[in-house]
Amino acid sequence: MRVALVGYAPETVDFSDPALPPGMNADKIRTGIEVARRQFAEHGWESDVVLIRPDETAGPAVESRLASKSYDCVVIGAGVRLLPQRVAVFEAVVNAIRKAAPGAAIAFNTRPDDSATAAARWLRPGC
């Protein structure tokens, strides 16, 4: 099984946005991504992290990265979907996933370190 985690590059996030969880910062995101990668590996899943910018390049970047391999699940980070002013970016990401990885389940985390839990909702245990 192969999982992709799609999220904003930590250095591109405006942490003053009230839509984000209080206390969130770039270091927490980076640490959470490493936790997610370790948890994916503990499940026996291969994984890739796709870090995007919150702009018009997001959809094409996701499509390009996902088209290079076959994915069973794509986890979209909470930051991509939580910000009302970035709904067009979220839509572009979802549509890029549908195009480049049409057989992949789409899951949503609530923070980087619960990405494996999100993927596990859609992948069979032990796979």
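See the structure shown above.
Please read all numbers here as calculations on a predicted model, not as lab measurements. (Residues numbered from 1 in each chain as written. Predicted model: local features only at pLDDT ≥ 70, side-chain atom pairs only at ≥ 80, totals over all residues. Heavy atoms only, no water.)

Draft legend 1. The nonpolar core, seen in detail. Counting 40 residues, the largest nonpolar core has I52, V62, L66 and V93 as its most contacted members. Elements represented by at least two residues in this core include exactly β1 (2–8), α1 (26–42), β2 (46–52), α2 (58–67), β3 (73–76), α4 (87–100), β4 (105–108) and α5 (115–120). The greatest single-element share of this core, amounting to six residues, is contributed by α4. In contact with V62, other than residues within four places in its own chain, are V6, V50, I52, V93, A96 and I97. (Core = buried A, V, L, I, M, F, W, Y, C linked by side-chain atoms within 4.5 Å. Buried < 20%, exposed > 50% of the residue type's maximum accessible area, 1.4 Å probe, protein only. Helix = DSSP H or I, 4+ residues; strand = E, 2+ residues; numbered from the N terminus. Contact = heavy atoms within 4.5 Å.)

Draft legend 2. Structural detail: the environment of N109. With respect to the secondary-structure elements, N109 resides in the loop between β4 and α5. For the pair N109 and E46, spaced 63 residues apart in sequence, the C-alpha separation works out to 18 Å. Not counting chain neighbours up to four residues away, the residues in contact with N109 comprise L5, V75, I76, G77, A78, R81, D114, S115 and A118.

Draft legend 3. Broad picture of the pattern of salt bridges. Counted according to the given criterion, the structure contains eight salt bridges. Here R2 ties to D48 by a salt bridge, and the two come within 2.8 Å at their closest N and O atoms. Taken together, the residues R2 in strand β1 and D48 in strand β2 connect sequence positions 46 residues apart. Of the two residues, R2 and D48, both sit in the buried class. A salt bridge links R111 to D113; the nearest nitrogen and oxygen atoms lie 2.6 Å apart. Taking the relative accessible area as the measure of exposure, R111 reaches 41% and is therefore partly exposed. (Salt bridge = Lys/Arg side-chain N within 4 Å of Asp/Glu carboxyl O.)

Draft legend 4. Broad picture of the pairing of β2. Counting buried residues in β2 gives five out of seven residues, a clear majority hidden from the surface. One crossover worth recording links β1 to the parallel β2 by way of α1, and it is right-handed. (Right-handed = clockwise from strand over helix to strand, strands pointing away.)

Draft legend 5. Fine view of the sheet that holds β4. Across the sheet, which stays open at both edges, the four strands sit in the order β2-β1-β3-β4 with parallel pairing between neighbours. Both edges of this open sheet fall to β2 and β4, since each of them pairs with a single strand only. Put simply, the sheet's adjacent strands are angled 20° from each other on average, direction ignored. Here β1 runs beside β3; their pairing, made up of four bridges, is parallel. Note that in β3 the partner of L5 across the bridge is V75. This element, α1, spans β1 and β2 of the sheet and lies at about 155° to β2. (Pairing = 2+ DSSP bridges. Axes fitted to C-alpha atoms, helices over the stretch in contact; angles between N-to-C directions.)

Draft legend 6. Quick look at the packing of aromatic side chains. Summed over the entire model, instances satisfying the criterion amount to two aromatic pairs. Pairing F40 with W45 gives two aromatic rings, centres 6.2 Å apart and planes at 45°, and the pair type is tilted. Given a relative accessible area of 0%, F40 falls into the buried group. Residue W45 is classed as buried on the basis of its relative accessible area, which comes to 5%. (Phe/Tyr/Trp six-rings, centres within 6.5 Å; stacked < 30°, edge-to-face > 60°.)

Draft legend 7. Looking closely at α1. Here α1 is 17 residues long and its end C-alpha atoms lie 24 Å apart, about the 24 Å a rise of 1.5 Å per residue gives. When we look at burial in α1, the residues that qualify are A26, I29, G32, I33, V35, A36 and F40. Those residues of α1 that are buried are in contact with β1, β2 and α5. Between a side-chain oxygen at the N-terminus of α1 and the backbone nitrogen of D27 the separation is 3.0 Å; the capping residue is N25. Within two residues after α1, G44 carries a phi angle of roughly 85°, on the positive side. (Expected span 1.5 Å × (residues − 1). Polar contact = N/O pair within 3.5 Å; in protein donor to acceptor, adjacent residues only side chain to side chain.)

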